[in-house]
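The chain contents come next:
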Amino acid sequence: MPTDYYSVLGVERDASETGIKRAYRGLARKYHPDVAEDKVAAEAHFKEINEAYEILSDPQKRQQYDRFGSVPNGAGAPGGFGGFSSSEGISDIFDMFFGGARGGGGAQRAAGPERGSDLRYDLQITLEEAFTGVEREISFTHLGSCTTCAGSGAKPGTLVSRCDRCGGTGAMRSVRQTPLGQFVTQTTCTKCGGEGTFIPTPCETCRGRGRIERPRTLTVKIPAGVDDGSRIRVSGSGEGGTRGGPPGDLYVYLNVAPHRIFRREGNDLHIDVPVGFAQAALGATLEVASLDGPTPLTIGPGTQTGSLFRVRGKGMPTVRGSSRGDLLATVHVSVPTRLTRRGRELLEEYAAIESEHADDRTFFDRVKDAFRPE
Ligand SMILES: [Zn+2]
Ligand SMILES: [Zn+2]
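In short, a report on the structure. Because the structure is a prediction, the values reported are computed rather than measured.

1. Looking at the coordination of the zinc ion (ligand 2)
Inference 1: Binding of the zinc ion (ligand 2) to the protein goes through Cys146 (SG), Cys149 (SG), Cys203 (SG) and Cys206 (SG), at separations of 2.3 to 2.4 Å.
Inference 2: One can describe the site at the zinc ion (ligand 2) as tetrahedral: its four donor atoms subtend angles covering 104 to 114° at the metal.
Inference 3: All donors of the zinc ion (ligand 2) come from a single chain, and their spacing in sequence reads C-x2-C-x53-C-x2-C. Taken together, the residues span a long stretch of sequence, with cysteine 149 in the loop between strand E2 (134-145) and strand E3 (161-162) and cysteine 203 in the loop between strand E6 (197-198) and strand E7 (211-222) at a distance of 54 residues. Comparing cysteine 149 with cysteine 203, the two get one shared label, buried.

As structure tokens, this is what we get:
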């Protein structure tokens, strides 16, 4: 006598997809082997519920079941967790019990190869080095795969066995009844520390960890144009993997030290240029510092303090490409603090000429005039 899947889920034969899903969720919650009182009975029932759900939630299988009363090949091979093969069913269960946090914490099966962690190395370079590009040697310690046991953690010739406390899942669950309902708490297995495996005879070199701390020195090529906060990935130079997993990567985070005279903005460089007031008034060609040597800058007559001049192509190079940013020079007109005798004479002469030109009087001249004693 084949099982009546509709009565297993407790739904009518014309139940909707959502109705079936709702009934299934309710039953799965009630008969989940991890939460039920009588585990053996619950497990059998749970399997039946999943089988029914797998058939009835699939329109094609349901139709076949309605017509023939059975589905060829049954409801997926038994084994694993409750014996269902549809991945949707599995994620439904995990969403229900672990709030959708599958893969986080210890919920995943932790017995396969695992990639090593990435490492971060902070490196400070100068703006000049960022300008030209540089090779730097860096030294650090990382967890490398143990060569004695090839990363397995077990003494050569011995085996790693599955943890008997958690059955290899790496996690232990406990159920608590509260007035608000059942609470499932999941903790990391205390025997295997979440690994899911247990090493009866640990490797003597790495004491069963599979990895050992090793000093490492390598040369990092820093391309021209890198900026503060740029990072360079050195593939495979992070921590070694566990159980034969690949190593992680090393990330070199660059910190470009502030420069004495240049301020960087993207690929442009800013510089403050002091200019004598005669040069500013008459116009001049100056020599301005840039990272590849002095560069000429022409300022026109009557240049005001705070004026900005752009020297194209004299900024930082772009990391990938041949173009360069600009050099932006802000002119600061400086007033001499000390004058020579001759300089003073010339300036006084100039001041006298200037006051004759009433039209050229500045706002301050007019203010001064207003307060001049009669
Ligand atoms: Zn365990
Ligand atoms: Zn070892």
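2. Describing the packing of aromatic side chains
Inference 1: A full pass over the atoms with the stated rule returns four aromatic pairs.
Inference 2: When the centroid spacing of 6.1 Å and the interplanar angle of 40° are considered together, the rings of tyrosine 6 and tyrosine 65 count as tilted. You can see tyrosine 6 sitting in helix H1 (residues 5-9) and its partner tyrosine 65 sitting in helix H4 (residues 59-68), a full 59 residues away along the chain. Accessibility assignment for this pair places tyrosine 6 and tyrosine 65 in one class, buried.
Inference 3: Among the aromatic residues, those joined into a ring-pair cluster are Tyr5, Tyr6 and Tyr65.
Inference 4: Over the ring of tyrosine 253 we find arginine 120, and its NZ or CZ is 3.7 Å from the ring centre.

3. A short note on the coordination of the zinc ion (ligand 1)
Tetrahedral coordination by four donors places them ideally at 109.5 degrees to one another around the metal; octahedral coordination by six donors ideally gives 90 or 180 degrees.
Inference 1: Here the zinc ion (ligand 1) is held by the protein donor atoms Cys163 (SG), Cys166 (SG), Cys189 (SG) and Cys192 (SG), which lie 2.3 Å from it.
Inference 2: Classification of the site at the zinc ion (ligand 1) as tetrahedral follows from its four donor atoms and the range of 103 to 115° in their angles at the metal.
Inference 3: Here the donor residues for the zinc ion (ligand 1) map to a single chain with the spacing C-x2-C-x22-C-x2-C. Of this pair, cysteine 163 sits in the loop between E3 and strand E4 (171-178) while cysteine 192 sits in the loop between strand E5 (181-188) and E6; the two residues are 29 residues apart in sequence, bridging distant segments of the chain.

4. As for the side chain of histidine 270
Inference 1: Turning to its location among the elements, histidine 270 is positioned in strand E11 (residues 268-276).
Inference 2: Assessed through its relative accessible area of 11%, histidine 270 is described here as buried.
Inference 3: Those residues in contact with histidine 270 that sit more than four places away from it in its chain are Ile261, Phe262, Arg263, Glu265 and Leu328.

Calculation criteria
- Residues numbered from 1 in each chain as written.
- Chains lettered and ligands numbered in written order.
- Predicted model: local features only at pLDDT ≥ 70, side-chain atom pairs only at ≥ 80, totals over all residues.
- Heavy atoms only, no water.
- Donors = N, O, S within 2.8 Å, 3.2 Å for Na, K, Ca; no water.
- Tetrahedral: all angles 85-135°; square planar, octahedral: opposite > 155°, others 65-115°.
- Helix = DSSP H or I, 4+ residues; strand = E, 2+ residues; numbered from the N terminus.
- Buried < 20%, exposed > 50% of the residue type's maximum accessible area, 1.4 Å probe, protein only.
- Phe/Tyr/Trp six-rings, centres within 6.5 Å; stacked < 30°, edge-to-face > 60°.
- Lys NZ or Arg CZ within 6 Å of the ring centre and 35° of its normal.
- Contact = heavy atoms within 4.5 Å.

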